[in-house]
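Coordinates in review
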Amino acid sequence: MIEIVPSILSADFARLADDIARVERGGAKMLHLDVMDGHFVPNLTIGPPVVESVRKATLLHLDVHLMIENPERFVTDFVKVGANSVSVHYEAARHLDGVLGLIRKAGAMAGVVLNPSTPVSVLEEVLEVADYVLLMSVNPGFGGQKLTPYVLDKVRKLDTMRREKKLALPIEIDGGVHKENLAEVVRAGCDWIVTGSAIFHSADPEITLRDMREIAAQASAIAC
């Protein structure tokens, strides 16, 4: 099933609980939380205390994306405060298999993230130990960027890889997705579609999310 996953990076942090409630009413099943350290990416965002606060405000699946160096030092902290899934960058994890194992052992789904320029072929040996793959469709670090078109080719390649290996792992995409390109993203093979500005910067996040869920459902039906 296709999930539209609102990214709280674009929400109003002064009214975060209200914004979360709006997307819940719009049908959201998951929330995306971006963690940036100012080293792996040129920005700083949130840490475990904010994730813990979000956990208290909602029962939705919390999808935590770690854009940090040395992720093995922190993954279990995020699971302890409420993350349901935690993804780490292939480019940042020196011992990727081990980090994924730590996340799973702590009780969450373990995901691998690839930057736009990193080919999906690097995942050939690790797909069977990952629970999902997140493909960045913008260079990580800032919201509001335009989707990098060639990343959809990467989605198609990854979709072929998982079919050949008979794997059910979801393909997630993050960056530059909005109403106008959503159908194309779905048809390429994405299952979890992260979007921030398109929802939280709209006039009514609840209605926008409902509209995007309908667009995704129609595109998925056509693709099948």
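Just so we're clear, the structure is a prediction, and the values are computed from it rather than from any experiment.

**Digging into the overall build of the chain**
When you go through the chain residue by residue, the secondary structure sums to eight helices and eight strands. The C-alpha radius of gyration of the chain comes to 16 Å, within 12% of the 17 Å expected for a compact globule of 224 residues. Principal-axis analysis of the C-alpha atoms gives the chain an extent of 45 × 40 × 30 Å. Counting all 224 residues of the chain, 54% fall into the buried class. Sequence separation of 24 or more characterises 65% of the internal contacts of the chain that already satisfy a separation of 6 or more. Just so you have it, the chain exposes about 10100 Å², and 51% of that area is on carbon and sulfur atoms. Of the charged side chains in the chain, 23 are positive and 30 negative; the average position of the first set lies 2 Å away from that of the second.

**Some thoughts on the environment of L158**
Mapped onto the fold, L158 is located in helix α5 (residues 151-164). Sequence separation between L158 and L135 is 23 residues; the distance between their C-alpha atoms is 9.5 Å. What L158 contacts, discounting residues up to four positions off in sequence, is V120, L123, L127, V133, L135 and I171.

**Concerning the packing of aromatic side chains**
Tallying each qualifying case throughout the model produces one aromatic pair. A centroid spacing of 5.0 Å and a plane angle of 45° characterise the contact between Y132 and W192, whose relative ring orientation is tilted. Taken together, the residues span a long stretch of sequence, with Y132 in strand β6 (residues 132-136) and W192 in strand β8 (residues 192-195) at a distance of 60 residues. What makes Y132 buried here is its relative accessible area of 0%. Classification of W192 by relative accessible area gives buried; the value is 9%.

**Overview of the side chain of T195**
Relative to the elements of secondary structure, T195 occurs in strand β8. Setting aside chain neighbours within four positions, we find T195 in contact with I4, V5, P6, S7, V177 and M212.

**Focus on the environment of V186**
With respect to the helices and strands, the residue V186 is situated in helix α6 (residues 179-188). Those residues in contact with V186, other than ones at most four positions away along the chain, are I2, I193, A216, A219 and S220.

**Brief notes about the pattern of salt bridges**
Evaluation of the coordinates by the stated rule reveals ten salt bridges. For E206, the salt bridge is made with R210, and the minimal N-O distance between the two is 3.5 Å. With E206 and R210 both in helix α8 (residues 205-223) and four residues apart, the pair spans about one turn of that helix. Note on R210: relative accessible area 44%, which makes it partly exposed. Sharing partners across several salt bridges, the network here consists of D159, R162, R163 and D191.

**What about the nonpolar core?**
Of all hydrophobic cores here, the largest spans 65 residues; its most connected members are I173 and I193. Discounting residues that sit within four places of it in the chain, I193 has contacts with I2, E3, I4, V5, I173, V177, L182, V185 and V186. Membership of the second largest hydrophobic core comes to five residues, among which are V5, M30, Y132 and W192.

**Brief notes about the environment of D174**
By the element assignment, D174 lies in strand β7 (residues 171-174). On the basis of relative accessible area, D174 is assigned to the buried category, the value being 9%. For the pair formed by D174 and V113, sequence separation is 61 residues and the distance between their alpha carbons is 9.8 Å. Residues in contact with D174, not counting those within four places in the same chain, are H32, D34, H65, L134, L135, M136, S137, V138 and V194.

The rules behind each value
Residues numbered from 1 in each chain as written. Predicted model: local features only at pLDDT ≥ 70, side-chain atom pairs only at ≥ 80, totals over all residues. Heavy atoms only, no water. Helix = DSSP H or I, 4+ residues; strand = E, 2+ residues; numbered from the N terminus. Rg over C-alpha atoms; globule rule 2.2 N^0.38 Å. Buried < 20%, exposed > 50% of the residue type's maximum accessible area, 1.4 Å probe, protein only. Contact = heavy atoms within 4.5 Å. Areas by Shrake-Rupley, 256 points an atom, 1.4 Å probe, with all protein chains shown as cover. Lys, Arg positive; Asp, Glu negative; His and termini not counted. Charge placed at Lys NZ, Arg CZ, Asp CG, Glu CD. Phe/Tyr/Trp six-rings, centres within 6.5 Å; stacked < 30°, edge-to-face > 60°. Salt bridge = Lys/Arg side-chain N within 4 Å of Asp/Glu carboxyl O. Core = buried A, V, L, I, M, F, W, Y, C linked by side-chain atoms within 4.5 Å.

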